[in-house]
Amino acid sequence: MTTASAERTPHTPHTPAPPGPDRTGRRAERARRRAAERDGVPHAMRGTRGGRIVRGVLLTLAALVTVFPFYAMVVLSLKPSAAVEFPGSLLPWPLTGEAYGTVLGAQSVPRWLLNTLVYSLVSVVGVLLLAALAGYAFAKKRFPGREAMFWSFLSMVMVPYHVTMIPTFAMIAKLGGVDTYWGLIIPTLANAQAVFLMRQFVRGLPDELFEAARLDGCGEWQIFYRIVLPLLKPILATLGVFVFLWHWNDFLWPLVIGQSTDMRTLTVGIASLQQQNVPLNVVLSGSVIAFVPIFAAYLVGQRYFTEGVTTSGIKG
């Protein structure tokens, strides 16, 4: 019986494969881009390492100062009903959700939430539709008195709201709009700022686009629906977030027009709770509930919001 001795090959350590051409190309492209950015910034404006650290610390402090009131509102709303002591009350323990149960279980709060949603959402749709129609007409249509009408309408921005509130309330009251949704919503639909923004945005659109649509046989409504509205998406989303925020936080007009408890909005209802010696955690829990829809609306329209601000800056 013979045994054949197999030759042993020397062990070679495993070496990683060199980076592929794609990875190398991407690294080179990033390096070239960083070098181009550095070359495009003047030397006097280039920050040092110490300056970047200081800037980061200052931005962090500014962020903490901005976030602290929201943190305090949420933590105090989750605290039991007791006297507030600083800084002990700001510690995240012990926590309880009894205040939220009290607010959501109250008979009036769901009604106030419904009123605020109806007031905000219907107003957003109405303001955006009217502002888009008026902005398109003032920007691209020619008719006698266009400039005088536009600047007269825009002059409403310089008139304090409190000056027109009393005659507006008297007119709505004579029409029977007190304690009604239409009396709450209709006076807020004529928004001069929204019309101005829409007009400035539509003015930047090329006239050749509309002339080509008319040559193709499109009417004015088809041009508005198929051309103007799709191009207005960024500014509509941006303006929609602002209009929703204005109406959700509106206090004075809902207070005047909604005289019964069932027609109050959240802002007016929460203010009425403070007059009834309601515990602080219950009031703050109502404030948190009122804040959540605003934050959610911003998250939904964040992409369009950023795009709209950037586009408006380029056009302006």
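Everything below is about the structure printed above this text.
All figures in this text were calculated on a predicted structure; none of them were measured in a lab.

1. Focus on the overall build of the chain
Here's step 1: Regarding its fold elements, the chain presents 15 helices and zero strands.
Here's step 2: Residues counted as buried form 30% of the 316 residues belonging to the chain.
Here's step 3: Look at the contacts in the chain between residues 6 or more apart in sequence, and 72% of them connect residues 24 or more apart.
Here's step 4: Entry remark: accessible area of the chain is about 20,700 Å², with carbon and sulfur atoms responsible for 66%.

2. Some points on the nonpolar core
Across soluble globular proteins, nonpolar side chains show a tendency to be buried alongside one another.
Here's step 1: In terms of nonpolar packing, the biggest core is built from 56 residues, with Tyr136, Met198, Phe210, Ile223, Val228, Leu232 and Trp253 touching the most fellow members.
Here's step 2: The element best represented in this core is helix α4 (residues 109-140), accounting for eleven residues.
Here's step 3: Excluding residues within four positions of it along the chain, Val228 makes contact with Tyr136, Phe210 and Ile223.

3. A few points about the packing of helix α5 (residues 146-154) against helix α8 (residues 192-203)
Here's step 1: It is at 9 Å that the axes of α5 and α8 come closest, and there the two elements cross at 135°. With respect to their mutual orientation, α5 and α8 come out oblique. On the side of α5, the interface is formed by Glu147, Phe150, Trp151, Phe153 and Leu154, while α8 contributes Ala192, Val195, Phe196 and Arg199.
Here's step 2: Class assignment for the residues of the contact of α5 with α8 results in seven nonpolar, no polar and two charged.

4. Looking at a nonpolar patch on the surface
Here's step 1: A cluster of nonpolar side chains, contributed by Ile53, Val54, Val57, Leu58, Leu61 and Leu64, occupies part of the molecular surface with about 570 Å² of accessible area.
Here's step 2: Position of Val57 relative to the elements: it lies in helix α2 (residues 49-77).
Here's step 3: For Val57, a relative accessible area of 45% translates into the label partly exposed.

5. A short note on the packing of aromatic side chains
Here's step 1: Counted by the stated rule, this structure contains ten aromatic pairs.
Here's step 2: Aromatic pair Phe70 and Phe291: ring centres 5.2 Å apart, planes at 40°, arrangement tilted. Linking Phe70 in helix α2 with Phe291 in helix α14 (residues 280-300), this pair joins segments that are 221 residues apart in sequence.
Here's step 3: A relative accessible area of 38% places Phe70 in the partly exposed class.
Here's step 4: Take Phe291: its relative accessible area is 30%, and that puts it in the partly exposed class.
Here's step 5: Taken together, the aromatic side chains of Phe138, Phe143, Phe150, Trp151 and Phe196 make up a single cluster linked through ring pairs.

6. Structural notes on the pattern of salt bridges
Here's step 1: With the rule as written, the count across this model stands at five salt bridges.
Here's step 2: Between Lys140 and Asp207 there is a salt bridge whose closest N-O contact spans 2.6 Å. Residue Lys140 is located in helix α4, and its partner Asp207 is located in helix α9 (residues 207-215); the two are separated by 67 residues in the primary sequence.
Here's step 3: According to the relative accessible area criterion, Lys140 is buried, its value standing at 17%.
Here's step 4: Between Glu220 and Arg214 there is a salt bridge, and its shortest N-O distance comes to 3.3 Å.
Here's step 5: Judged by its relative accessible area of 33%, Glu220 is partly exposed.
Here's step 6: Residues joined in a network through salt bridges with shared partners are Lys141, Arg214 and Glu220.

Parameters at a glance
- Residues numbered from 1 in each chain as written.
- Predicted model: local features only at pLDDT ≥ 70, side-chain atom pairs only at ≥ 80, totals over all residues.
- Heavy atoms only, no water.
- Helix = DSSP H or I, 4+ residues; strand = E, 2+ residues; numbered from the N terminus.
- Buried < 20%, exposed > 50% of the residue type's maximum accessible area, 1.4 Å probe, protein only.
- Contact = heavy atoms within 4.5 Å.
- Areas by Shrake-Rupley, 256 points an atom, 1.4 Å probe, with all protein chains shown as cover.
- Core = buried A, V, L, I, M, F, W, Y, C linked by side-chain atoms within 4.5 Å.
- Axes fitted to C-alpha atoms, helices over the stretch in contact; angles between N-to-C directions.
- Parallel < 35°, antiparallel > 145°, perpendicular 65-115°, else oblique.
- Nonpolar A, V, L, I, M, F, W, Y, C, P; charged D, E, K, R; others polar.
- Patch = residues over 30% accessible without salt bridge, like charges linked within 9 Å, V, L, I, M, F, W, Y side chains within 5 Å.
- Salt bridge = Lys/Arg side-chain N within 4 Å of Asp/Glu carboxyl O.
- Phe/Tyr/Trp six-rings, centres within 6.5 Å; stacked < 30°, edge-to-face > 60°.

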